[in-house]
Amino acid sequence: MIELKNITKKYEINKNNIITALDDINLSIKEGELVVLRGPSGSGKSTILSLIAALSKPTSGEVIVDNKRISKLSDDFSSDFRRDNVGFIFQKYNLIANLSVKENIVLALIPMNLHVDVIEEKLSRVLDMFHIEHKKDMLVKNLSGGEQQRVAIARANINEPKIILADEPTANLDKNLSLAFIEILKELKAQGKTVVIATHDPIFFTLDIIDREIEINQGIIS
Ligand SMILES: Nc1ncnc2c1ncn2[C@@H]1O[C@H](COP(=O)(O)OP(=O)(O)OP(=O)(O)O)[C@@H](O)[C@H]1O
């Protein structure tokens with residue numbers, strides 16, 4: 001269960017220029033729900049995702065995940081929370097171009113000091129699940145956009161997180177690849193993951209696998 005309680009997030013550019021990205025919002029997302037956050041550019045969608053992932057902290061209010069006040073965690077505990085609970089699919093994928101597919105995917109596991117066999121097992125599970133096995137030794141810079149997205153999704157799932165967050169996941173994909181992404185969403189939902197997608201792509205708005213659409217405008221949920 002994810003709860004945002006009276007969340008305000010302000011970005012201070014300088015003393016005379018403070019942007020209110022979120023203005024006292026309340027939001028609650030149940031375990032296993034597939035939710036779409038929709039709204040125009042700049043409305044606050046990415047800010048909500050970054051708060052749920054404990055990548056940033058609210059100016060006021062609380063973010064609670066599974067009864068844990070994650071908005072109060074120190075930076076170290078925030079990273080632990082993220083590693084154990086959240087898979088984040090970034091709009092621009094945030095992959096390292098000069099590393100191979102498998103190196104990109106296992107990078108986040110390095111601080112965990114896992115046995116090499118465990119890493120191999122986790123790796124082969126996601127390579128297989130997201131149909132990228134045949135490219136595992138290729139450098140990411142030599143992959144197509146759709147393949148890079150599958151690597152980003154595999155990386156987000158390496159630790160079997162309960163929560164998947166995706167920021168404009170189809171922004172760089174054509175229609176067919178967007179439909180392939182929707183197939184992946186179906187798999188994630190079948191596995192019981194909680195999925196939150198920030199998007200303004202209309203392809204999501206008529207899907208029956210989406211449990212709820214949340215409309216956000218200028219930092220306010222309407
Ligand atoms: N790090 C930052 N510093 C300053 N302002 C920021 C920062 N991040 C976001 N903002 C501002 O906060 C507001 C909300 O941004 P946010 O990225 O959450 O919107 P969005 O709905 O995800 O937009 P998009 O669809 O374009 O990604 C915008 O006005 C944006 O310019």
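Scoring rules and cut-offs
- Numbers given for residues are sequential positions, taken from 1 along each chain in its written order.
- The predicted nature of this model means local features are confined to residues of pLDDT at least 70 and side-chain atom pairs, given and counted, to a pLDDT of 80 or more, with totals for whole chains, interfaces and linings taken over all residues.
- Hydrogens and water are ignored here; the side-chain numbers use all heavy atoms of the structure.
- Only DSSP runs of H or I with at least four residues qualify as helices, and only runs of E with at least two residues qualify as strands; both kinds are numbered from the N terminus onward.
- Note on contacts: a residue pair qualifies if any of its non-hydrogen atoms lie within 4.5 Å across the two residues.
- Only protein chains enter the area calculation, which uses a 1.4 Å probe; residues under 20% of their type maximum are buried, those over 50% are exposed, and those in between are partly exposed.
- At least two bridges found by DSSP between two strands is the condition for calling them paired.
- UniProt positions are given in the numbering used here, feature names are shortened, and annotations may be inferred rather than shown by experiment.
- Using protein atoms alone on a 1 Å grid, points that fit a 1.4 Å probe yet trap it form a cavity, whereas open point sets bounded by protein on both sides within 12 Å along at least five of seven lines form a pocket; residues with an atom within 4 Å of a point count as lining.
- Grid points are joined across faces, edges and corners, and a volume is the space filled by probe spheres set on the points.
- Each residue is assigned to one of three groups, with Ala, Val, Leu, Ile, Met, Phe, Trp, Tyr, Cys and Pro labelled nonpolar, Asp, Glu, Lys and Arg labelled charged, and all others, Gly among them, labelled polar.
- Here an axis means a line fitted to C-alpha atoms, over the contact stretch when the element is a helix, while the angle between two N-to-C directions is reported on a 0 to 180 degree scale.
- Reported orientations rely on four angle classes, namely roughly parallel under 35 degrees, roughly antiparallel over 145, roughly perpendicular from 65 to 115, and oblique for the rest.
- In a left-handed crossing the near helix is turned counterclockwise from the far helix by less than a right angle, and in a right-handed crossing that turn is clockwise.

Relative to the helices and strands, Q148 is located in helix α5 (residues 145–157). Not counting the four nearest positions on each side in its chain, Q148 is found in contact with Y93, L95, V140 and L143.

Note that P169 resides in the loop between β7 (163–167) and α6 (175–190). Taking relative accessible area as the criterion, P169 reaches 3% and is therefore assigned buried. Counting along the chain gives 78 residues from P169 to Q91, while the straight-line C-alpha distance between them is 5.6 Å. Apart from the residues lying within four places of it in its own chain, the contact partners of P169 are Q149, F181, I197, A198 and F204.

When you tally the buried positions in strand β3 (residues 34–38), you get four out of five residues, the bulk of the element. Note that β3 and strand β8 (residues 194–199) share five bridges and pair parallel. Within β8, the residue paired with L34 across the bridge is V195. Looking at chain direction, β3 and strand β9 (residues 212–217) are connected through four bridges and run parallel. Of the residues in β9, the one forming a bridge with R38 is E215.

Here the focus is the UniProt feature "domain: ABC transporter" (unreviewed entry) in the protein. When the UniProt feature table is mapped onto this chain numbering, "domain: ABC transporter" (unreviewed entry) sits at residues 2–222. What you have in residues 2–222 is 31% helix and 28% strand, and the ends, taken at the C-alpha atoms, are 19 Å apart.

On to empty space enclosed by the protein, then. Applying the stated rule across the entire model yields one cavity of 30 Å³ or more. For the largest cavity, the calculated volume is near 50 Å³. Forming the boundary of the largest cavity are M1, I2, I29, K30, E31, D66, K162, I163 and T194. Residue composition of the lining of the largest cavity, grouped by class: four nonpolar, one polar and four charged.

The next thing to look at is the side chain of T170. Looking at the secondary structure, you find T170 in the loop between β7 and α6. With relative accessibility at 4%, the residue T170 sits in the buried group. Once you skip the residues sitting within four places of it in the chain, T170 turns out to touch S178, F181, T199, D201 and F204.

Moving on, we come to the packing of α5 against α6. Running from amino to carboxyl end, α5 crosses α6 at an angle of 15°, the nearest separation of the two axes being 11 Å. In terms of orientation, α5 and α6 fall into the roughly parallel class. α5 and α6 meet at a crossing whose hand is right-handed. The segment α5 lies against α6, with G146, Q149, R150, I153 and N157 engaging L177, F181, I184 and L188.

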